[in-house]
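An overview of the molecular structure
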Amino acid sequence: MIRHGVVRAGTILAAPGHAPAIGPGEVTYDDGRITGIRPLPASALTDEEARLLLMPALANAHDHGRGLRTLAYGASDSSLETWLSALGRQPKLDPYANAAIAFARMAESGVCAANHCHNTQDGRALLEEAEAVSRAARDTGIRVAFALPFFDRNPVVYGDAAALGEWLPEEEVPATPPLRSLAENRALMAAAAAFEHPLFQLQYCPVGPQWVTDETMVAIARDSAETGRRVHMHLLETSRQRDWADAAYPGGLLNFLDSIAMLGPRLTIAHAVWLRSDELALLAARGVNVSVNPSSNLRLRSGHAPMAAMRAAGLRCGIGMDGMSLDDDEDMLREMRLCWHMNAATDGAAPGLDAAAILEAGLCAGRLGITGDDGGGRLAAGAPADMMTLDFSDIARDCVDRDPDPVPLLVGRATRRHVRQVIVDGRMIVAEGRCTGIDVPALEQAFTAAARDAMRAAPPDQPRIERMQRAIVLYYADGRHCAGPGKAMS
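Before going further, it helps to spend a moment on the overall build of the protein. Along the backbone of the protein there are 18 helices and 17 strands. Here the C-alpha radius of gyration of the protein, 23 Å, is about what a compact globule of 490 residues would show, namely 23 Å. Along the longest, intermediate and shortest principal axes, the C-alpha atoms of the protein span 75 × 55 × 45 Å. Taken across its 490 residues, the protein has 57% of its residues classed as buried.

So, about the sheet that holds strand 17 (residues 434–435). Overall, mixed pairing links the six strands, which are arranged 2-5-14-15-16-17 in an open sheet. Two strands lie at the open edges of the sheet, namely strand 2 (11–12) and strand 17, each paired on one side alone.

The next subject is unusual backbone geometry. Cis rather than trans, the peptide bond between Gly 23 and Pro 24 has omega equal to -5°. Position of Pro 24 among the secondary structure elements: in the loop between strand 2 and strand 3 (25–30). The residue Glu 330 is not glycine, and still its phi comes out positive at about 45°.

Let us now look at the sheet that holds strand 3. Overall, antiparallel pairing links the three strands, which are arranged 1-3-4 in an open sheet. Across the chains shown, the open sheet's two edge strands, defined by having one partner strand only, are strand 1 (5–9) and strand 4 (33–39). Sheet twist, expressed as the mean angle between neighbouring strand axes with direction ignored, is 20°. Pairing between strand 1 and strand 3: five bridges, direction antiparallel. Paired with Val 6 across the two strands is Thr 28, which belongs to strand 3.

Attention now goes to the pattern of salt bridges. If you walk through the whole model with that rule in mind, you get 32 salt bridges. We note a salt bridge from Arg 240 to Glu 81, for which the minimum N-O separation is 3.3 Å. Of this pair, Arg 240 sits in helix 7 (residues 239–248) while Glu 81 sits in helix 2 (residues 80–86); the two residues are 159 residues apart in sequence, bridging distant segments of the chain. Like Arg 240, the residue Glu 81 is buried in the burial classification. For Arg 416, the salt bridge goes to Glu 108, with nearest N and O atoms at 3.6 Å.

In this model helix 3 (residues 95–108) runs 20 Å from its N-terminal to its C-terminal C-alpha over 14 residues, within 8% of the 20 Å that 1.5 Å per residue would give. Most of helix 3 is tucked away: 13 of the 14 residues are buried. The positive-phi residue at the C-terminal boundary of helix 3 is Gly 110, with phi of around 100°.

This next bit is on the packing of helix 3 against helix 16 (residues 440–457). Closest axis-to-axis distance for the helix 3/helix 16 pair is 10 Å, and the angle between their directions is 140°. In this structure, helix 3 meets helix 16 at a crossing whose hand is left-handed. Between helix 3, through Ala 97, Asn 98, Ala 100, Ile 101, Ala 104, Arg 105 and Glu 108, and helix 16, the contact on the second element is made entirely by Val 440, Leu 443, Glu 444 and Phe 447. In the contact of helix 3 with helix 16, the residues fall into seven nonpolar, one polar and three charged.

On to the environment of Trp 244, then. For Trp 244, the position within the fold is in helix 7. Under the relative-accessibility criterion, Trp 244 is labelled buried at 0%. Taking the C-alpha atoms as reference points, Trp 244 and Ala 221, separated by 23 residues in sequence, lie 22 Å from one another.

Time to look at the nonpolar core. Among the nonpolar cores identified, the biggest contains 140 residues, and Leu 257, Met 262, Ile 269 and Leu 390 are the most heavily contacted of them. Looking at this core element by element, the count peaks at ten residues for helix 3. With residues near it in sequence (within four places) discarded, Leu 390 still touches Arg 51, Leu 52, Leu 53, Met 55, Leu 333, Ile 395, Leu 410, Ala 414, His 418, Val 419 and Arg 420. Formed by 14 residues, the second largest nonpolar core is a distinct cluster that contains Ala 9, Ala 14, Ile 34 and Ala 385.

The subject of this paragraph is helix 16. Between its first and last C-alpha, helix 16 extends 25 Å over 18 residues, near the 26 Å set by a 1.5 Å rise per residue. Of the residues making up helix 16, those classed as buried are Val 440, Phe 447, Ala 451 and Met 455. Projected onto a plane normal to the axis of helix 16, the buried residues spread over an arc of 75° and lie on a single side. Helix 16 presents Gln 445, Arg 452, Arg 456 and Ala 457 as exposed residues on the side facing more than 90 degrees away from its buried surface. With a side-chain oxygen lying 3.3 Å from the backbone nitrogen of Ala 442, the N-terminal cap of helix 16 falls on Asp 439.

Turning to the packing of helix 4 (residues 126–140) against helix 5 (residues 182–192), a few remarks are in order. Closest axis-to-axis distance for the helix 4/helix 5 pair is 10 Å, and the angle between their directions is 30°. Viewed along their axes, helix 4 and helix 5 adopt a mutual orientation that is roughly parallel. In this structure, the crossing between helix 4 and helix 5 has a hand that is right-handed. Touching Leu 126, Leu 127 and Ala 130 of helix 4 are Leu 188, Ala 191 and Ala 192, all from helix 5. When its residues are assigned to classes, the contact of helix 4 with helix 5 shows six nonpolar, no polar and no charged.

Bringing the state of the cysteines into the picture now. For the coordinates displayed, the defined rule picks out zero disulfides. The cysteine Cys 205 is free of any disulfide, with Cys 117 supplying the nearest cysteine sulfur at 3.6 Å. With no disulfide of its own, Cys 364 lies 10 Å from the sulfur of Cys 112, the closest cysteine sulfur.

Attention now moves to the packing of aromatic side chains. According to the stated counting rule, one finds eight aromatic pairs in the structure shown. Their ring planes at 55° and their centres at 6.1 Å tell us that Phe 150 and Tyr 204 sit as a pair that is tilted. Of this pair, Phe 150 sits in strand 8 (residues 143–150) while Tyr 204 is found in strand 9 (residues 200–206), placing the two residues 54 residues apart along the sequence. Comparing Phe 150 with Tyr 204, the two get one shared label, buried. Taken together through their ring pairs, the aromatic side chains of Phe 151, Tyr 158, Trp 211, Tyr 475 and Tyr 476 make up a single cluster.

Definitions and limits used
Residues numbered from 1 in each chain as written. Predicted model: local features only at pLDDT ≥ 70, side-chain atom pairs only at ≥ 80, totals over all residues. Heavy atoms only, no water. Helix = DSSP H or I, 4+ residues; strand = E, 2+ residues; numbered from the N terminus. Rg over C-alpha atoms; globule rule 2.2 N^0.38 Å. Buried < 20%, exposed > 50% of the residue type's maximum accessible area, 1.4 Å probe, protein only. Pairing = 2+ DSSP bridges. Axes fitted to C-alpha atoms, helices over the stretch in contact; angles between N-to-C directions. Salt bridge = Lys/Arg side-chain N within 4 Å of Asp/Glu carboxyl O. Expected span 1.5 Å × (residues − 1). Left-handed = near helix turned anticlockwise from the far one by under 90°. Contact = heavy atoms within 4.5 Å. Nonpolar A, V, L, I, M, F, W, Y, C, P; charged D, E, K, R; others polar. Core = buried A, V, L, I, M, F, W, Y, C linked by side-chain atoms within 4.5 Å. Arc of directions from axis to C-beta. Polar contact = N/O pair within 3.5 Å; in protein donor to acceptor, adjacent residues only side chain to side chain. Parallel < 35°, antiparallel > 145°, perpendicular 65-115°, else oblique. Disulfide = S-S within 2.5 Å. Phe/Tyr/Trp six-rings, centres within 6.5 Å; stacked < 30°, edge-to-face > 60°.

What follows is the structure in structure tokens.
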């Protein structure tokens, strides 16, 4: 496998937003590490090289690896709690193809690293699914943190699912399914370690406080401290989760997590829409990382994560697509732009985020939660050879200035269609805008056909799903999720 070479470009952004562009020039790399950066005369570049902008590759701080997008099988966007029920429409999928297609799409949008918060289709097959995702990471070439799910309470609603009987026929009241025990999850974590390789590393994933018992939270905090493995979890994504947490933890959910030593630099929290100012300060003091997910929060009616306030409090914030990019296009550059516009400074108002802050989030802060501090997100001697080129001549095609600043254009209009090459660990994983490790169009075609066959073989009961969704709306409207410690923590 070739892991050495040279990339030449007309413009080089070695530290986007933090240092001015240089160029023309070249970056050399060997054994997966950058060995040098040097300027070149313009005459040394080909016409194609002169068109390019070379920069570090991007990090997708939180995702679920959805090769089959949720709208494709009829799970329409709605509030998170009702949308989760619609995921029951998903047909049986091949876990390798599902992950490989998702990772390839990310790579083609400039992503070199992603946190894969795994949604298992069959709890009995989690180990097989983990192995399939490991192969998908190897074949597509992106760095994947596999967040193995620990999920042992409240599988239907936040609280007692039997209460749904007030709004459902008796035969449709969901019975609480058997959930994997802490011991079983720990055993799966140990077994899945066999699938690790340089591009695939395990993380603990207590899916979210409302879905994980206190016993499991305590055990994960302890195991993380002992092993050094990172932890990734959803936190306070929706207002209903905020209400549940306030009722279930009268002393404060964040205070509880702090008391068990869960809060720290190894932890990344996703969404964090409904945090309060004192909680932001606590998380910042403990060095916790955050992934904000603007498209997902819009599509699932969750609210707006106050990234400017988070950064002002001292939190490191990455950006994640969550498998729910606004246009279902897995375009990380567009996701960063959306995040910027949702958090940009307004004249005369509170400070917002500038382009440099968004680039820091998309390149460095999000990567921390995936790989740890490995020196990535910058082009410098000794740093990982994780970089990408874009067609800057097309991005700047109408600019009047002959030598425009690339940063405003990069943040303001670049998209996945401009991505030409992606190199990860010194390996070219995208060339001419296409993933080199797998035949994406062919795999997508076969995958979609198989999904359609599976849907025909086992069609979902849509009327029943809709009855469940109505009951869930009424359950939350009646405040059943605010039962307090006696019920919520049972």
